[in-house]
Amino acid sequence: MELRQLSYFVTVAEELHFGRAAARLHIVQSAVSQQVRRLERELGAELFDRSPRHVRLTSAGERLLPEAREVLAAAERARAAVRDGGTLRIGTSSGLGDHLGRVLDAFAGLAPGTSVELVSAPARDRLAQVADGRLDAAFVRSPEPMPGLRIVPLWEDPLLVAVPVSHPLAAQDEIALSELAGLPLSLTARRDNPALVDLVVGACHAAGFEPVPGPVGGSLQNTLAAIGLGSLWSVVYAAHARQLLSPRVAFRPLRAPGLALSTGLAVGAGRASTTVELFLNACATSLASEATRTEAKPSEAKRQPTFGGVPSLTSDDHER
């Protein structure tokens, strides 16, 4: 039995699709299928119920899954024992904005001898890597529960609307969701960020309309460029707008009650290491300092920076 085979098995078990598992592993599908078959032959049991319509874990596969994750986590702990013990590996996503910088500054003050390695990956991959020990922790937004993990709540990320500067809605201080019914909506693919897509589409339904589908996926840079042409709208997080300055795109808050997603830190379900606890303390410290700064400068906090020649609020990238 090889670690590679267990890793492939766990990935297929999480995706329940050999093609998606291969994409996550960045290898061809035939290699995944071959290694899983070898593992099944060695164990003398079918791990997946395969049919043209679905892939499901068998009872043997369900029993193996937690054990395989534990073996992979133990292997990663062994690797970590011979690596530089002063490195913390944190999973990140795009759009964390100033939050990430403040947390890292606070952590540097609490643990000056520890370096931080930031790893960017899709949300599901970040969670899987925390579960199997490849990451010490990961920032996530409104994740679905996953065995072997706990999510420590951190902050709320309000969503803003990105519209063309040339559109009449850009002249408003706030936008009602119903006013966007005639414009196509460009969002990331649901499988990459189900919480975001469900929140936005569900809010559109509650506002009385079915959003006109626009381009799906792609980079945020391309999405903003397309919005600037005057034919789309999207949403971005409210911690990142000043890093997304575009002369052809305006970022506007939604009329109350607005939309927001919660951000948390995914860590292992067991007792956290001292370094991870320090990182959690850094998150709390950064939030406290930001709250103090905002209370000390209320007029500055309410001021609206200008984007594309039009007053706007700050914003943050949707996770891709």
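Pairs of aromatic rings are described using the distance from one ring centre to the other and the angle between the two planes. For the coordinates displayed, the defined rule picks out 5 aromatic pairs. Three or more aromatic residues joined by ring pairs make a cluster, and in this case those are Phe107, Phe139, Trp155 and Phe279. Taking the ring centre of Tyr237 as reference, the NZ or CZ of Arg141 above it sits at 3.7 Å.

Let us look at the pairing of strand β10 (residues 249–253). With respect to burial, β10 is a largely interior element, 5 of its 5 residues being buried. Going residue by residue along β10, you find Val249, Phe251 and Pro253 tucked away on one face and Ala250 and Arg252 tucked away on the opposite face as well. Looking at chain direction, strand β6 (residues 149–164) and β10 are connected through 5 bridges and run antiparallel. Each bridged residue has a counterpart across the sheet, and for Pro164 the counterpart in β10 is Val249.

Where helix α2 (residues 18–25) meets helix α3 (residues 29–43), the closest approach of the two axes is 8 Å, and the angle between their N-to-C directions is 105 degrees. Compared by their axis directions, α2 and α3 come out roughly perpendicular. Facing α2, whose interface residues are Phe18, Gly19, Ala22 and Leu25, α3 presents Gln29, Val32, Ser33 and Val36. Of the residues assigned to the contact of α2 with α3, the class counts are 5 nonpolar, 3 polar and no charged.

Take the environment of Val212 next. The topology assignment puts Val212 in strand β8 (residues 212–216). A sequence separation of 29 residues divides Val212 from Leu183, and the C-alpha atoms of the two residues are 6.5 Å apart. Apart from the residues within four sequence positions on either side, Val212 is in contact with Ala181, Leu183, Pro184 and Leu185.

Reading the values: rules and limits
- Residues numbered from 1 in each chain as written.
- Predicted model: local features only at pLDDT ≥ 70, side-chain atom pairs only at ≥ 80, totals over all residues.
- Heavy atoms only, no water.
- Phe/Tyr/Trp six-rings, centres within 6.5 Å; stacked < 30°, edge-to-face > 60°.
- Lys NZ or Arg CZ within 6 Å of the ring centre and 35° of its normal.
- Buried < 20%, exposed > 50% of the residue type's maximum accessible area, 1.4 Å probe, protein only.
- Helix = DSSP H or I, 4+ residues; strand = E, 2+ residues; numbered from the N terminus.
- Pairing = 2+ DSSP bridges.
- Axes fitted to C-alpha atoms, helices over the stretch in contact; angles between N-to-C directions.
- Parallel < 35°, antiparallel > 145°, perpendicular 65-115°, else oblique.
- Contact = heavy atoms within 4.5 Å.
- Nonpolar A, V, L, I, M, F, W, Y, C, P; charged D, E, K, R; others polar.

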